[in-house]
Every structure is written in structure tokens, then in C-alpha cells.
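The primary structure of each chain is shown beneath.
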Amino acid sequence: LQTRQYKLGIESAQKYIKYFDSYSINWFAFMENYFLLAIHSKDYVLALNILATAFHEQHIAKLAEYSKECWELYRRYALLASKHAGNDIFSHTILSNVTDSLAIIPKDKVGFNITIIILGLLEDFAKPGFDLSQSHIDRINSYTFKYLKGPKAERAKLFFKLMLLAINSNLDYNVIIKKDKAILESLQKLPIPGSAFAEVEIIPYEHLWEIVLNIIKSRNSNSTKSIVQSSF
């Protein structure tokens, strides 16, 4: 996962999973890495299948609350990706929540909490008729200033810059794609995060930005249709 050898990692996972007792604590830890390999390789079908297997018959309920919250976050990102990746692979097979709330992991301000903030923004982007406000901009700026410090946080900071670009462009797809190149190039030049920041990118930011653009493009298209229909 850290060296981005996703194909080799997936092949290894498929080979060695048989040596773990199904639904044991170690099996879940193994499946977590297997899931991340799949979603980082943009194999969203495999990622969904791994989640469906992990959630089978509620064995996941025996995990500690922190672990359950991590799996719930994985579930939400996988569904978001499968729905908006542009290849019509959305699945209804794993819609049930692992847990109803995310209370523990947001305390990790430079870890999973970043993914929660980004997920919330993307879910807002996807809501028809939802209007972003200055409060969204203020929240991103405040969070970046307080918590995203040092070289290991640079990728997260750049992704937040992309999100600010989207908001300041009023979620106008055509405007955004004319301005995002420089930030994307800076993002692509940065090394992958170390193990301490690995959980920050459930979906690599370059891939996640593609999903953001798909969400915004769909939103713009639906807005145009609504305007046309209302004119008749």
C-alpha cells in the first residue's frame, strides 16, 4: 500500500487471506488493508465486495467502537466513490450502517477527522439545491491553520485548497477545471504520506478530486435541467 504496488498487494491478499480465521480480529485487520489496496487501485467493485464480506452476518459488531467507526467511514467513502466515479457500479448491498455515529475518531485531528470533514463537504456538494456558505470556507481555513502543519500535512492542505477553489467558484464545473491545474500538479509532486498519515487518504486525493468533479458536473447538469424545465 505504501509503495503503491496495488496489483501485487491485491494478489498477495487474495493468496494469504485463507490463512486467517474468518471474522477474527486479525482477519478484520487484514481485510482493512485489502480494502485500502482495492480502493486505492480504483477497483471500486472489489472494494464493495470486500466490505460486503466484512459486514456479513454482523460479525463486525464484536469489534471495538473505534474499529467499527473506521469501517463505517470506509463504507461511506466506498459508496460515495461507487456512486460518483462515473462507471455506474453503485451497489445497494452494504447500505446498513456499522455504527450510527462517529464519536471517537474525530478526536484525531490530523488523522481520520480530516476524512470526516472532506466527506461532509462532498455529501453537501451532492445535495440538490444545497448552497455553500462562508461558514464552509471559514471552517476549512480554521482547521488548516490549527491542525495541518509540517511537511506530512502538505497533501491534505493542497486538497483543502482544491475544495476552497470549488466553493469560491460557486461549484461551477467549467470555472473549476480552468483553475485547478496548478494545485493538482503540486499535489502530484508530493510523496505519498507516511504511515502516520496513511489513514488520511482513504481514497488518494488525486482520485478523490476526480470524484469531486463528477459530483459537481452532475450537480451543474441537474441545475441546468431544472432551469430549462421551469421555463416551459
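Up top you'll find the structure we're talking about.
Please read all numbers here as calculations on a predicted model, not as lab measurements. Within each chain, residues carry numbers counting from 1 in the order of the written sequence. Note on the predicted model: pLDDT of at least 70 is required for a residue's local features to be given, and 80 or more for side-chain atom pairs to be given and counted; whole-chain, interface and lining totals, by contrast, use all residues. Side-chain figures throughout are based on the complete set of non-hydrogen atoms in the structure, without hydrogens or water.

S.K.: How would you summarise the environment of Phe-30 if you had to cite specific residues and measurements?
M.R.: Of note, Phe-30 is situated in helix H2 (residues 25-40). Taking C-alpha positions, Phe-30 is 8.0 Å from Ala-13, a pair spaced 17 residues apart along the chain. The residues contacting Phe-30, other than those within four sequence positions of it, are Ala-13, Tyr-16, Ile-17 and Phe-20. The secondary structure listing takes helices from DSSP runs of H or I that are at least 4 residues long and strands from runs of E that are at least 2 residues long, numbered from the N terminus. Two residues form a contact once any of their heavy atoms are found within 4.5 Å.

S.K.: Give me the pattern of salt bridges: which residues, what numbers.
M.R.: A side-chain nitrogen of Lys or Arg and a carboxyl oxygen of Asp or Glu constitute a salt bridge if their distance falls within 4 Å. What the rule picks out here adds up to eight salt bridges. The closest approach of N and O atoms between Arg-76 and Glu-72, which form a salt bridge, is 2.8 Å. With a gap of four residues between them, Arg-76 and Glu-72 both fall in helix H4 (residues 65-84), about one helical turn apart. For every residue, the accessible area obtained with a 1.4 Å probe (protein chains only) is divided by the maximum for its type, and the residue is called buried under 20%, exposed over 50%, and partly exposed between those limits. Residue classification places Arg-76 among the partly exposed residues on the basis of a relative accessible area of 23%.

S.K.: Please give an account of helix H5 (residues 112-126) that cites residues and values.
M.R.: Expected helix span is computed as 1.5 Å times (number of residues minus one). The first and last C-alpha atoms of H5 sit 21 Å apart over 15 residues, in line with the 21 Å expected at 1.5 Å per residue. Across the 15 residues that make up H5, a large majority, 12, are buried. Listed in full, the buried residues belonging to H5 are Phe-112, Asn-113, Ile-114, Thr-115, Ile-116, Ile-117, Ile-118, Leu-119, Leu-121, Leu-122, Asp-124 and Phe-125.

S.K.: Any chance you could break down the packing of aromatic side chains for me, citing the residues and the numbers?
M.R.: Between rings of Phe, Tyr and Trp, where Trp is taken as its six-membered ring, a pair exists when centres lie within 6.5 Å; planes separated by under 30 degrees are stacked, by over 60 edge-to-face, and by other angles tilted. Under the defined criterion, the tally for this structure stands at 15 aromatic pairs. Ring geometry for Trp-27 against Phe-28: centres 5.0 Å apart, planes inclined by 85°, an arrangement best described as edge-to-face. Overall, Trp-27 belongs to the buried group, its relative accessible area being 4%. Assessed through its relative accessible area of 2%, Phe-28 is described here as buried. Between Phe-159 and Trp-209, the ring centres sit 6.3 Å apart and the planes meet at 90°, which makes this aromatic pair edge-to-face.

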